[in-house]
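Observations on the three-dimensional arrangement
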Amino acid sequence: MEGTVFTPSLEGMKHVKSENGVMLTKPFLEVCKLILPVLDKFGAAMAIVKSDIGGNITRLETKYNSDPSKYEHLYSVVQVEVESKTAKGSSSCTNGLLWLTRAMDFLVELFRNLLEHPDWKMSEVCTDAYTKTLKKFHGWLASSSFSVAMKLAPDRKKFMEVIGGSGDVNADMENFCKEFAPLLAENHQFLASVDLDDMKAS
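Parameters at a glance
Residues numbered from 1 in each chain as written. Predicted model: local features only at pLDDT ≥ 70, side-chain atom pairs only at ≥ 80, totals over all residues. Heavy atoms only, no water. Salt bridge = Lys/Arg side-chain N within 4 Å of Asp/Glu carboxyl O. Helix = DSSP H or I, 4+ residues; strand = E, 2+ residues; numbered from the N terminus. Buried < 20%, exposed > 50% of the residue type's maximum accessible area, 1.4 Å probe, protein only. Axes fitted to C-alpha atoms, helices over the stretch in contact; angles between N-to-C directions. Parallel < 35°, antiparallel > 145°, perpendicular 65-115°, else oblique. Contact = heavy atoms within 4.5 Å. Nonpolar A, V, L, I, M, F, W, Y, C, P; charged D, E, K, R; others polar. UniProt positions renumbered as here; feature names shortened; annotations may be inferred.

Quick look at the pattern of salt bridges
- Applying the stated rule across the entire model yields nine salt bridges.
- Of the charged contacts, one joins Glu 30 and Lys 33 as a salt bridge, the two residues approaching to 3.6 Å between their closest N and O atoms. Of the two residues, Glu 30 and Lys 33 both sit in helix 2 (residues 25-34), three residues apart, roughly one turn of that helix.
- On the basis of relative accessibility, which here comes to 31%, the residue Lys 33 falls in the partly exposed class.
- The partner of Glu 109 in a salt bridge is Arg 112, and the shortest N-O contact between them spans 3.4 Å. Of the two residues, Glu 109 and Arg 112 are both situated in helix 6 (residues 93-116); the distance of three residues between them amounts to about one turn of the helix.
- Look at Glu 109 and you get buried, because its relative accessible area is 15%.

In structure tokens, the structure reads:
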């Protein structure tokens, strides 16, 4: 593998915003897609997260493809739903963007833990990241299935070797967190501005 598993998404992040600083739908979704191979390296532990992320990307992509010029900007997808009062529906694109952003928050936190706590076991790394991000929005059922999944987390040393490829994995991971976290914060800020950042799972 040329570079690390982070190399493609780091490249993709350069194109997420337009020249005048607007978040673009397709490039943002591409970056989310490009980080999915990292989840494959977790095996069964992340299957639930991966399918959730994949489903939300598909939902947003389908909307984008229905009218690429209308939905070129990521937040226009939400604005249209806010105007038609459909944003709060569980199958809305707004809901999709919110949960996609939260899942990405979880991954950023997980990578930060790998960088900052070299002594932690993988299950600790994952559980702490989950507690800081997704847990407060999950109902009992989602929380318990997540706890079970985290017990299947792979061996940390093996995992780091697999995602490292031929590059400097720690440097790439750090850059990923540094570059991606502000984009996610911007999504939250926008969703909060339309009062849609605190929806919970049933």
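Considering the packing of helix 5 (residues 74-83) against helix 6
- Where helix 5 meets helix 6, the closest approach of the two axes is 8 Å, and the angle between their N-to-C directions is 135°. The orientation of helix 5 relative to helix 6 falls into the category oblique. Along the contact surface, helix 5 presents Leu 74, Tyr 75, Val 77, Val 78 and Glu 81, while helix 6 presents Cys 93, Thr 94 and Leu 97.
- Across the contact of helix 5 with helix 6, the residue classes tally to six nonpolar, one polar and one charged.

With respect to the UniProt feature "domain: Glycolipid transfer protein" (unreviewed entry) in the protein
- When the UniProt feature table is mapped onto this chain, "domain: Glycolipid transfer protein" (unreviewed entry) is found at residues 24-164.
- Secondary structure content for residues 24-164 is 71% helix and 0% strand, and the end C-alpha separation is 29 Å.

Let's talk about the side chain of Thr 101
- For Thr 101, the location among the structural elements is in helix 6.
- A residue is classified by how much of its surface remains accessible, and Thr 101, at 0% relative accessible area, is buried.
- If sequence neighbours within four positions are ignored, Thr 101 has contacts with Leu 184, Asn 187 and His 188.

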